[in-house]
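Analysis of the macromolecular model
Take a look at the letters that make up each chain.
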Amino acid sequence: MWTTWLFNTLIIGVSVAFVLGEITVCQEEDNDLRVDCQVDPTPNPIRVDYEFSMARGGKETIINTNVSGIMADDKFRRDKAYAELMDTDVIRLTITDFTVLENTTFMCKISGNLESVFIEPDQLVPCSAISVFMHSLPLMLPVLLFLSLPLSAWLTSH
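Residues numbered from 1 in each chain as written. Predicted model: local features only at pLDDT ≥ 70, side-chain atom pairs only at ≥ 80, totals over all residues. Heavy atoms only, no water.

**A few points about the state of the cysteines**
Per the stated rule, a full pass over the model turns up 2 disulfides. For cysteine 26, the disulfide goes to cysteine 127, at an S-S distance of 2.1 Å. The chirality of the disulfide connecting cysteine 26 with cysteine 127 is right-handed, given an S-S dihedral of about 95°. Remark: cysteine 127 occurs in helix α2 (residues 127–157) and cysteine 26 occurs in strand β1 (residues 19–27); sequence separation between them is 101 residues. Taken individually, cysteine 26 and cysteine 127 each receive the classification buried, so the pair is uniform in this respect. With its sulfur 2.0 Å from that of its partner, cysteine 37 forms a disulfide with cysteine 108. Every disulfide takes its handedness from the sign of the S-S torsion; for cysteine 37 and cysteine 108 that torsion is -100°, giving left-handed. Of this pair, cysteine 37 sits in strand β2 (residues 33–40) while cysteine 108 sits in strand β7 (residues 104–110); the two residues are 71 residues apart in sequence, bridging distant segments of the chain. What makes cysteine 37 buried here is its relative accessible area of 1%. For the chain, the disulfide bridges join cysteines in the arrangement 1-4, 2-3, where the cysteines are counted in sequence order. (Disulfide = S-S within 2.5 Å. Helix = DSSP H or I, 4+ residues; strand = E, 2+ residues; numbered from the N terminus. Buried < 20%, exposed > 50% of the residue type's maximum accessible area, 1.4 Å probe, protein only.)

**Here's the deal with the pattern of salt bridges**
Applying the stated criterion to the full structure yields 4 salt bridges. One salt bridge in this structure joins aspartate 36 and arginine 92, with 2.7 Å as the shortest N-O distance. Placement of the pair is aspartate 36 in strand β2 and arginine 92 in strand β6 (residues 90–95), with a sequence separation of 56 residues. By relative accessible area, aspartate 36 is classed as buried at 10%. (Salt bridge = Lys/Arg side-chain N within 4 Å of Asp/Glu carboxyl O.)

**What about the sheet that holds strand β3 (residues 50–56)?**
One key point about sheets: their strands pair by backbone hydrogen bonds, in either a parallel or an antiparallel sense. Across the sheet, 4 strands lie side by side as β4-β3-β7-β8; this open sheet has antiparallel pairing. Because the sheet does not close on itself, it has two edges, and the strands there are β4 (59–65) and β8 (113–119). Within the sheet, the average angular offset between the axes of one strand and its neighbour, ignoring direction, is 20°. Note that β3 and β4 share 6 bridges and pair antiparallel. Across the sheet, the residue bridging to arginine 56 is lysine 59, located in β4. (Pairing = 2+ DSSP bridges. Axes fitted to C-alpha atoms, helices over the stretch in contact; angles between N-to-C directions.)

**Overview of the nonpolar core**
Judged by nonpolar contacts, the single largest core of 24 residues is most densely connected at Val25, Leu33, Phe52, Ile63, Ile95, Phe106 and Ile110. Looking at this core, the elements with two or more residues in it are β1, β2, β3, β6, β7 and β8. Counting residues per element, this core draws most heavily on β2, which supplies 4 residues. What isoleucine 63 contacts, discounting residues up to four positions off in sequence, is Phe52, Ser53, Met54, Ala72, Phe76, Ala81, Leu93, Ile95 and Phe106. (Core = buried A, V, L, I, M, F, W, Y, C linked by side-chain atoms within 4.5 Å. Contact = heavy atoms within 4.5 Å.)

Keep in mind these values describe shape, not function.
So this is what it looks like as structure tokens:
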């Protein structure tokens, strides 16, 4: 009985190892497209299965994956697209020399959980703007909350 409980706990723990957060898409200065898939990290994950894909015109195309039995589309093989774990909470897909020319939905599937974002070509932002915002947000949040306290106190008193 104890071994059954331990086995079930380990299986459940591994199957929910990552919870998806935000997915961002941006264009790097060298014309590479970057897709960052944020996850809530857990200590010492055994394996992270990921799959990046995109949909245009009703057709889904797999860009990069490490899931056994699934292959990326031919046009994204041979170093055209690669994924890497950044820190402990972001899996980054980079597609070299790629521009979004039409409305596209980018999808990130991590250990079975799916997150997606719809991008219009004229809405694609440079990566530097996202990087600055995302990296400074944890530092700015306490300051913004602190600054909002006097304002909220003033608003409730008037």
